[in-house]
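Structure at a glance
Chain by chain, the residues:
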Amino acid sequence: MSEQQEKGTNWVAVITMMFIYGMISFVTNLAAPMGNVWKYQPGIEGSNMLGMMGNMMNFLAYLFMGIPAGKMLTKCGYKKTALIGIATGFVGVGIQFLSGKVPGTAESMVGPFCVYLFGAFVCGFSVCMLNMVVNPMLNLLGGGGNRGNQLNMIGTTFNSVCGTATPMLVGALIGQVTKDTVVSDVNLVMYIALAVFAAAFVVLSFIPIENPEQGNTTEDIPVLAPLKFRHCLLGVVAIFMYVGVEVGIPGTMNLWLSAQDGPLVKAGVQNAAVIAGMVAGTYWLLMLVGRTIGAFIGGKISSRVLMTITTLGAFCLILVGVFLPDTTTTSMPVFTGTKFQMATVPVTALLFALCGLCTSIMWPSIFNLATEKLGKYTAAASGLFMVMVVGGGILPLVQNAIADKVGFMIAYAVPLCGIAYMFVYSAFLSKPPADIEERVK
C-alpha cells in the first residue's frame, strides 16, 4: 500500500483537479462558438477562417509552450506549475472578457477581435501547462496503480462533460447569431470560467501535494532523440493530424449549421446557434461514450486494431456525409435554453457528430503505438506530442479557409486526409523496428 493510500485520499485536492480537468476542455472548446460570434462583427464579415482564429491561437500556444512546460514541471514541481497554469488561465479568460469592453466602431471591430485573440493565446499557455500536470497529480492523489488510473478516467469523463456543455451553453445564450450579436452576450460563460479558475487557485494553494516520480533515468535525453525511431516520428505526425481532426469536425460543423446561408437558417429555423451548439455538443458527448467503452475494451483489443477500425469508421461517416444533400434531414434532441425538444437537422450533421465515437480513443491509441518500446525516450516523446497539439489550430484554420472559398463540404477533405493518414499509420507503419531494444539502451 502506498503512503498516499495509507493517509487516505485527499478529496479536496481530487475535486480541484477534476475541475481543472474540466476547465481544460471548457476553455479549449470555448474558441469555436466564440468565433461564431466574432465572425459576424464589422470588419470580419462572415469569414469562417477568421472565426476559427481564436481556436488557432489557443492551440498555437502549444507549439511554444509544449517543451518549456515539461522543463517547468521538472524545475518548479507539479503544484507550482499547476498554480502558474491556473493563474495564466484566469488572465487569459479575463483578456477575452475585456475584448467585449474594448471600443470598436460601426465599421470595424478588428481591434477588440485582436484583444480576444491575444486572450485565446494566453489561455493556450494555461491549458498546455495544466495538461502536463493533471494526469500525474491525479495518479499521485489516488496512490498510483488501479486507483490512480481510476481517478484519471473520472477526470477524462469530467473533461468530456465540460466539452459537451460548452458549445451548448454558448449556443443557448446566443440564440440566433446575427450582426447584432455581441461578445457581451456570453459574459455569463466568462464569469463562470473566471470564478472556477479563481476558486481552483485558492483551494490548491492550501493543499499540500508532493511531486510524482519524475522517472528513473537521470540521462539528459535530447528533445528530438525519439524521432530517430520511425514509428515514433510518424506517430508524432499522427498526433498533429488527430488533434486537427478532433477539433475540426465539430468546430466547422458548428459554423456550418449556424451560418446565415447554412441549412438551418435556409430552412427558417430561428434559433440556429442553439441547435448548432447542441449538435456540436453531441459530438463531444459521444466522445465521452466512446472513452467509457474504450476503458472497458482497451485491455482486450490492441491499440493498433482500435485505431484501424475507428479511423476507417470515421472516414466512411465523413465521406457519406459530404455527399448527402443538406435537404436530407433527421431529428435530434436539442436544448433550447429552457427545454429539450426535437429539432430537424441534416443527416450530414448526425454523421459528423457520430465521428466523436471514433475519435474518442485515438489519442491514447496513437500515444501507445508511437511510444511502444521507447523506454528512456518516452518522456521526450511526450513533450513532442504536446507540441504537435498545435495541429488542433492549424488544420481547422486551413479547413475553414477552404470553406470560405469553395464551401463547407469540400473543406471536410482536410479531416478526411488526416484520418486517411492515421489509418495508414496504424495499419501499416506503427510497428517498432526489430532492433529497437538494442537501440534504446
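Residues numbered from 1 in each chain as written. Predicted model: local features only at pLDDT ≥ 70, side-chain atom pairs only at ≥ 80, totals over all residues. Heavy atoms only, no water.

Let's shift gears to the confidence of the model for the chain. Mean pLDDT for the chain: 81, with 85% of residues reaching 70 or above. No element of the chain has a lower mean pLDDT than helix 1 (residues 3-7), which averages 47, and none a higher one than helix 18 (residues 413-429), which averages 96. Predicted confidence for residues 1-6 stays below pLDDT 50, and this span has 11 contacts to residues more than four positions away or in other chains. (pLDDT = per-residue confidence, 0-100. Helix = DSSP H or I, 4+ residues; strand = E, 2+ residues; numbered from the N terminus. Contact = heavy atoms within 4.5 Å.)

Before going further, it helps to examine unusual backbone geometry. Positioned with a positive phi, Lys373 is a non-glycine residue whose angle comes to about 65 degrees. As for its placement among the helices and strands, Lys373 is situated in the loop between helix 14 (362-370) and helix 15 (378-387). With a relative accessible area of 47%, Lys373 lands in the partly exposed category. (Buried < 20%, exposed > 50% of the residue type's maximum accessible area, 1.4 Å probe, protein only.)

For the rest of this paragraph, the subject is the environment of Phe125. Of note, Phe125 is situated in helix 6 (residues 110-141). Owing to a relative accessible area of 21%, Phe125 belongs among the partly exposed residues under this scheme. Taking the C-alpha atoms as reference, Phe125 lies 7.2 Å from Thr88; in sequence the two are 37 residues apart.

What follows is about the pattern of salt bridges. All chains considered together, the criterion is met by 2 salt bridges. Here Lys266 ties to Asp326 by a salt bridge, and the two come within 3.8 Å at their closest N and O atoms. Taken together, the residues span a long stretch of sequence, with Lys266 in helix 10 (residues 263-266) and Asp326 in the loop between helix 12 (303-323) and strand 1 (329-335) at a distance of 60 residues. Its relative accessible area of 28% is what places Asp326 among the partly exposed residues. With its nearest N and O atoms 3.7 Å apart, the salt bridge here joins Glu372 to Arg304. Remark: Arg304 occurs in helix 12 and Glu372 occurs in the loop between helix 14 and helix 15; sequence separation between them is 68 residues. A relative accessible area of 29% means that Glu372 is categorised as partly exposed. Since its relative accessible area comes to 22%, Arg304 is described here as partly exposed. (Salt bridge = Lys/Arg side-chain N within 4 Å of Asp/Glu carboxyl O.)

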